[in-house]
Amino acid sequence: MATESSESEEEGKITGGNQHLTVDDDLREMGKIAAWSVSSCKPGNSVSSLRDDNLDTYWQSDGAQPHLVNIQFQKKVKLQLVVLYVDFKLDESYTPSKISIRAGDGFHNLKDIKTVELVKPSGWIYLSLSGNDPRETFVNTFMLQIAVLSNHLNGRDTHVRQIKVYGPQPNPIPRQPFQFTSREFITYSTVR
């Protein structure tokens, strides 16, 4: 999966964070094919700040908790990893302390799939969507919702600097169990 060198995860608590985003080659970023929305935002700190690849900008909520980020897909997709960039050193009471990730077909049937506590996080936080069963390596869903349930120091609004959503890399040749990489092997991979 992803490297978690400076993170420790026990009983749903995550501390630390990675300063550099590192993801395995067998995963691809799925956020670019989704429609993103948020429950509220301050002017100038909208949902586009979550996707601009700039760690100096951030989405800032404006209103009562929970603060929601909704990620909707046109077709059912396989999602394996959610990566957030949050920084307690810069944002202090605006930093999320408890996050819930929900999945479903739409707003009407979202179910909690993971809830984590963040303890003064600073950097990229990796949240695997795989279940307890080793065969459950991904979530197959139309919609993912990230809910900020509480902030550090009882802050009201929240700052999230970046969110990335990853799913498994598709097999380039349908019904082909092997993933050939050279053009010559791909040419001779099927019988006419």
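Every chain is numbered on its own, with residues counted from 1 as its sequence reads. Where totals are concerned, whole chains, interfaces and linings use all residues; where local detail is concerned, this predicted model gives features only for residues with pLDDT of at least 70, and gives and counts side-chain atom pairs only at 80 or more. The basis for every side-chain value is the complete set of heavy atoms in the structure, and neither hydrogens nor water enter the calculation.

- As named in an unreviewed UniProt entry, the protein is Anaphase-promoting complex subunit 10, taken from Rubroshorea leprosula.
- UniProt positions are given in the numbering used here, feature names are shortened, and annotations may be inferred rather than shown by experiment. Under Function (unreviewed entry), UniProt gives the following word-for-word description of the protein: "Component of the anaphase promoting complex/cyclosome (APC/C), a cell cycle-regulated E3 ubiquitin-protein ligase complex that controls progression through mitosis and the G1 phase of the cell cycle."

### Observations regarding the layout of surface pockets
Next, step 1: Using protein atoms alone on a 1 Å grid, points that fit a 1.4 Å probe yet trap it form a cavity, whereas open point sets bounded by protein on both sides within 12 Å along at least five of seven lines form a pocket; residues with an atom within 4 Å of a point count as lining. Grid points are joined across faces, edges and corners, and a volume is the space filled by probe spheres set on the points. What the largest pocket holds in volume is close to 220 Å³.
Next, step 2: Looking at the lining of the largest pocket, the elements that each hand over two or more residues are strand E6 (67-79) and strand E13 (162-168).
Next, step 3: When residues in the lining of the largest pocket are grouped by element, the largest group, 4 residues, is from E6.
Next, step 4: Among the residues forming the lining of the largest pocket, the class breakdown is 5 nonpolar, 3 polar and 4 charged.
Next, step 5: For the second largest pocket, the calculated volume is near 180 Å³.
Next, step 6: Every residue along the wall of the second largest pocket is listed here: Ile 113, Lys 114, Leu 129, Ser 130, Gly 131, Asn 132, Glu 136, Phe 138 and Val 139.
Next, step 7: All amino acids are sorted into three groups, where Ala, Val, Leu, Ile, Met, Phe, Trp, Tyr, Cys and Pro are nonpolar, Asp, Glu, Lys and Arg are charged, and the leftover types, Gly among them, are polar. Of the residues in the lining of the second largest pocket, the class split is 4 nonpolar, 3 polar and 2 charged. Under the DSSP-based scheme used, a helix requires at least four consecutive residues in state H or I and a strand at least two consecutive residues in state E, with every element numbered from the N terminus.

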